[in-house]
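Overview (structure and organization)
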Amino acid sequence: MGTLVGAVGLGLARPAQAADLSFLHAMTAVLADLNHQEFAALTAALSLLGFSVVAAILLMRTRLRAAQNEAGLRREIQRLHNEADRYRSLLFAEPQVLIAWPAGEDRPQISGDVAALTAHESPQRILAFGTWLPPAPALQMDRAIGTLRESGEGFLLNLTTSSGHAVEALGRAIGGQAIVRIRELSGVRKELAETNLRHKALLQETEMLRGFAQAAPWPIWAKRVDGGLQFANGAYAKATDAANSQDAIERNLELLDSGDRGDMERALNETAAFTARLPIVVGGERRFYDVQALNVGGGSVGMAIDASEANALSEALVRMAEGHRRTLDQLSSGVAVFDGRRRLAFYNDSYRRLWDLDRAFLDGNPDDSSVLDRLRAARKLPEQPDFRAWKAKLHEAYRAVEAEKDTWYLPDGRALSVVTTPNPEGGVTYLFDDVTESLDLARRFDGLIRVQRETLDNLAEAVAVFGSNGRARLFNPAFASMWKLSAEALGEQPHIDTVETWCKPLFDDAATWRVIREAVTRIGNRVAVPLKLERKDGSVLDCMTMPLPDGATMLTFQDITDTENVERALRERNEALETADQMKVDFVHHVSYELRSPLTTIIGFAHLLNDPATGPLVAKQAEYLNYITASTNSLFALINNILDLASIDAGAMTLEIGPVDIRKAIDNAAEGIQDRLATDHIELKINVDPNIGTFIADGGRVVQVLYNLLANAVGFSPQDSVITLSAMRTDHHVTFAVTDLGPGIAHDVKDKVFDWFESHTNGSRHRGAGLGLPLVKSFVELHGGRVRVDSIIGRGTTVTCDFPVDQAAHRSAAE
C-alpha cells in the first residue's frame, strides 16, 4: 500500500497534495501499529482508502497512456483529491496532531487540530513542549523524540498537559521518517489508559514493597486464607533456618510456636489485628520480638521486630527504678515524687513519718494541693499570711527548670530543708531534711567560734594556726606581739616560710625552723613536737606544734623566761643539796668505818678483862666493865646500822634470799630485846599462828627489821605496859605488825619518822640516833614490800611491814 501511495504522490500536480499523500502513506503504517480495538474501527476506512488509491493510480496510468482526454483526467484527479480529503477528515475526526520529520530534515511537518488539542493558536507551538506540558513530561517527551529520530526506537507515552488533559503520544519510524502522533484520550481509551497506568503503578509499588520487605532486617510474611505461607522475606527464612525465602514458603515453616500462633489466629479472627511481645528462638538464641499481624484481603500479613535490647533495657529500667525505690526507702530524708498531673507517684517511709500522714491517704495518690491542705489543717506547715499565694509560689516548681531550696520553720519548732526539683518527664520531686539539730549545732558552733576567738585573743600564750597549705589561718594578738609582727600582714595569710623570714631577727636557728616547717607541712606521721627556743633577746619560749583533725597545725609559744630562770636556780640549789647530801653520806660512811676499828679493839679488851682467866676484878671494876661492854655493844649496833643505811643508799646492799621460818625469826628478835623488856617491866605478846610456815626473804634482815621495831616500841612504851607483835600470812604477803601503848606520833612528825637521824621523844623515855625506822623501811622496800605507820596521840602506835611471799615473783615483776 505504501508503494502505491508513493506512486500516486509522484504524479500529483500540486506539491501540497503530494505531501498530503506522502503523509497518508506514512500514517497508514502508523495505523498498522494501533491496538486491535482501534484497528477494528479503522479497518474499513483504510481498506476503502487503499482501494480508492489503487483505482486512482490505475486510472491515472490509463489516462496518461491514452492521453486522450485531459479534461476527464482533471475531473478524476479532482475526485481523488476529494476522496483523499474525505479520508483525511476521517483520520482527523478526533483531536490529534501528527508530526513527521523526513529523513535528513530538522523541520517537521505538523498536521491536525493543534488548537483543539493544545489550546495554542500557532501550530508551531506544538513543538515547545514546555509550554503545554509540565516540566517532567516535557523532558520525557524531548528524550523520547530524540531517541526516535536518532535510533528509530518507538515509544508510547501517556501524559497530562498543563491544563489537565490526558494525552497519548505515539512515536514510530516509518519509511525513513520519524512520526509522532499526539491525541487526547477520552472515553474508553482514557479509562483504559488510566487503568493501564494504575496497573503499572500498582506493579511498580508492589515490586517496591516486595523489595523493601526482602531487604528489611525483620521477619515479614504473608499468609493465605487457609494459613499457608504465601510470602516470606530473607529475615523470615533466616529466622526459621530455611535456605531461602522460597524454601520457607515451600516447607510452610512457622516462626512462632504453636501456642503463640494459636493466640495470633484467634486475635486475627476476633479483632483483625494482633500485637504482642513474644519470645522467638533465632539461631539457637532466645530473643524477644514485637509481633504485629493484620488481616488484609484474603489472608493476613505479619512482621516481627527484634525488641530484645528494648526488652532488656525495659527490664533494666524496672530493676533500676525498683533499686532506686529501695534506696530511697532507706534514706533518712523524706522523699515525695509528684507526676505531671501533680499527683503523688512515690513516697518513702521517712516522708510519711516526717509528716505523720496516714498510709492509706498517701497510697490513694492524692494531688499536691490536697497534701498541703491536710498538713495545713494539722498545723504542720509554716504559718503564712496568704496561704494560697504561698502554695502557688511553691507550685511554680512544676514549670521551673532549676531546683529550688528553701527552709521551713514549722510551728512545732522543727526546721526543714526543702528542695524542689522539676522532673524531666514532668512533675516535681520534694526532698525534706530535718535540719533542726544542724541549725542548732551551727548556732552553737558559731557561739563556740566567737568564744574561742575571744579566748585566744585574751590568752597570754601566743597561738597561731596554719592550714594544710602552710598558710596562717588564725593567730591571736599575743603571737603578733611576741614576734613583733604586723597584724595586717598576718591577716593576709602568709606562708610559714614568710613567717619564718619575719621571725629570724629574733630567732635564727635553722634546725628548729626546719622542724616547725615539717610539722606544719607534713602529711603523714603528724605528732605533737615540743621545742624550746632561746631567742637573741635573752627570752626563752616553750613551743609546741599540735596537729589538728582537719589537717591544720597549731603552734603555741609561751614565754618561760622567768620560769627558766627559777628552774635554773632550783636546779643549781638541788645539785648543791645533792652534793652536800652525798658528802654527808660519804662522811658518815667513812667515819663509821673509822670508828669501827677502835671500837672492835675496846670490845675485845672488855671481853678479855671480863674473862676469869685473866684474873679476878674487884666489884667496882666489874661494874665499870659491864658499863663499857653495854655501851660498846650499843655503839657497835649503831655503827652497823649507819653502814647498812649507807650501803642501801649507795645501792651496794645485796640480800641473801632463802626460806625464812616466820616463827623462828620472831623468836630470835624477841630474844635480843628480853633484857630491855625485863628492865622496864614491859610484857611482849606474840600473836602468830603456829602453822604460819615460811616465806622467801633474807632471814638476817627480817630479824633485824623485827628487832628494830621491838626496840623502837620498847623505847616509846611506858613501864608496866604491853607490846604486841603479830604476824599474818596471805596468798601474796606476810604482814608483821608491832603495836605499843606509848604517847603516839604527832601528825606533823609522822612524815619524818623514816628520815635519818630524826628522833622525837614525845615525852617518852626513848633516846636514840633515829636510825631504827629508816633502816626498817629500807630493808622492807629492798625486799619489795612496804611500811606504814598508824598512830593515835595518847593511845599508841602500830608499825606494819608487808613482805612479798615469793621474792622470785617480785623480782620478775620488777624486771
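Below or above, wherever it landed, is the structure these notes cover. (Residues numbered from 1 in each chain as written. Predicted model: local features only at pLDDT ≥ 70, side-chain atom pairs only at ≥ 80, totals over all residues. Heavy atoms only, no water.)

1. Remarks on helix 26 (residues 699-716)
Applied cut-off: By definition, any uninterrupted DSSP run of H or I lasting at least four residues is a helix, any uninterrupted run of E lasting at least two residues is a strand, and each is numbered from the N terminus. One less than the number of residues in a helix, times 1.5 Å, gives the span that helix is expected to have. Exposure is judged per residue with a 1.4 Å probe applied to protein chains only, and the accessible area is read against the type maximum: over 50% gives exposed, under 20% gives buried, and values in between give partly exposed. In protein, a polar contact means a hydrogen-donor-capable atom and an acceptor-capable atom, both N or O and within 3.5 Å, with residues adjacent in sequence counting only if both atoms are side-chain atoms; elsewhere, any N or O pair within 3.5 Å suffices.
If you check helix 26, its first and last C-alpha atoms are 26 Å apart, about what 18 residues at 1.5 Å a residue would give, namely 26 Å. In terms of burial, helix 26 is largely enclosed, as 14 of its 18 residues are buried. The N-capping residue of helix 26, defined by a side-chain oxygen 3.3 Å from the backbone nitrogen of glycine 700, is aspartate 698.

2. Comments concerning the pairing of strand 20 (residues 553-559)
Put simply, the rule is: Should DSSP find at least two bridges between two strands, the strands are taken to pair.
Bridge count for strand 16 (residues 462-466) against strand 20 is five bridges, and the pairing is antiparallel. Its bridge partner being in strand 20, alanine 462 is matched across the sheet by phenylalanine 557. Across seven bridges, strand 19 (residues 540-547) lies against strand 20 in antiparallel orientation. Among the inter-strand pairings, aspartate 542 is bridged to a residue of strand 20, identified as glutamine 558. Between strand 19 and strand 20, which pair antiparallel and follow one another directly, the connecting turn spans five residues, one of which, glycine 551, has a positive phi of 95°.

3. So, the packing of aromatic side chains
Filter applied, for reference: Only the six-membered ring of Trp is used, alongside the rings of Phe and Tyr, when aromatic pairs are assigned; centres must lie within 6.5 Å, and planes under 30 degrees apart are stacked while those over 60 apart are edge-to-face, with the rest tilted. Two thresholds decide whether a charge sits over a ring: the Lys NZ or Arg CZ must be within 6 Å of the ring centre and within 35 degrees of the ring normal.
On inspection of all chains with the given rule, the structure shows 16 aromatic pairs. Relative to phenylalanine 432, the ring of tyrosine 351 lies with its centre 5.8 Å away and its plane at 40°, an arrangement referred to as tilted. With tyrosine 351 in helix 13 (residues 349-355) and phenylalanine 432 in strand 15 (residues 428-434), this pair connects stretches of sequence that are 81 residues apart. By relative accessible area, tyrosine 351 is classed as buried at 3%. The exposure class of phenylalanine 432 is buried, given its relative accessible area of 5%. Feature note: the residues Phe338, Tyr351, Trp355, Phe387, Trp390, Trp408, Tyr430 and Phe432 constitute an aromatic cluster, connected by ring pairs. Positioned over the ring face of tryptophan 483 is arginine 535, at 4.9 Å from the centre of the ring.

4. Topic: the sheet that holds strand 14 (residues 415-422)
Threshold: Comment: axis = line fitted to C-alpha atoms, over the contacting stretch for helices; angle = value between 0 and 180 degrees taken between N-to-C directions.
Spatially, the five strands line up as an open sheet ordered 12-11-15-14-13, and their pairing is antiparallel. Of all the strands in the sheet, the pair left with one neighbour each is strand 12 (344-347) and strand 13 (404-409). Looking at each pair of strands side by side, their axes are set apart by 20° on average, direction ignored. Across six bridges, the pairing between strand 13 and strand 14 is antiparallel. Paired with threonine 407 across the strands is serine 417, a residue of strand 14.

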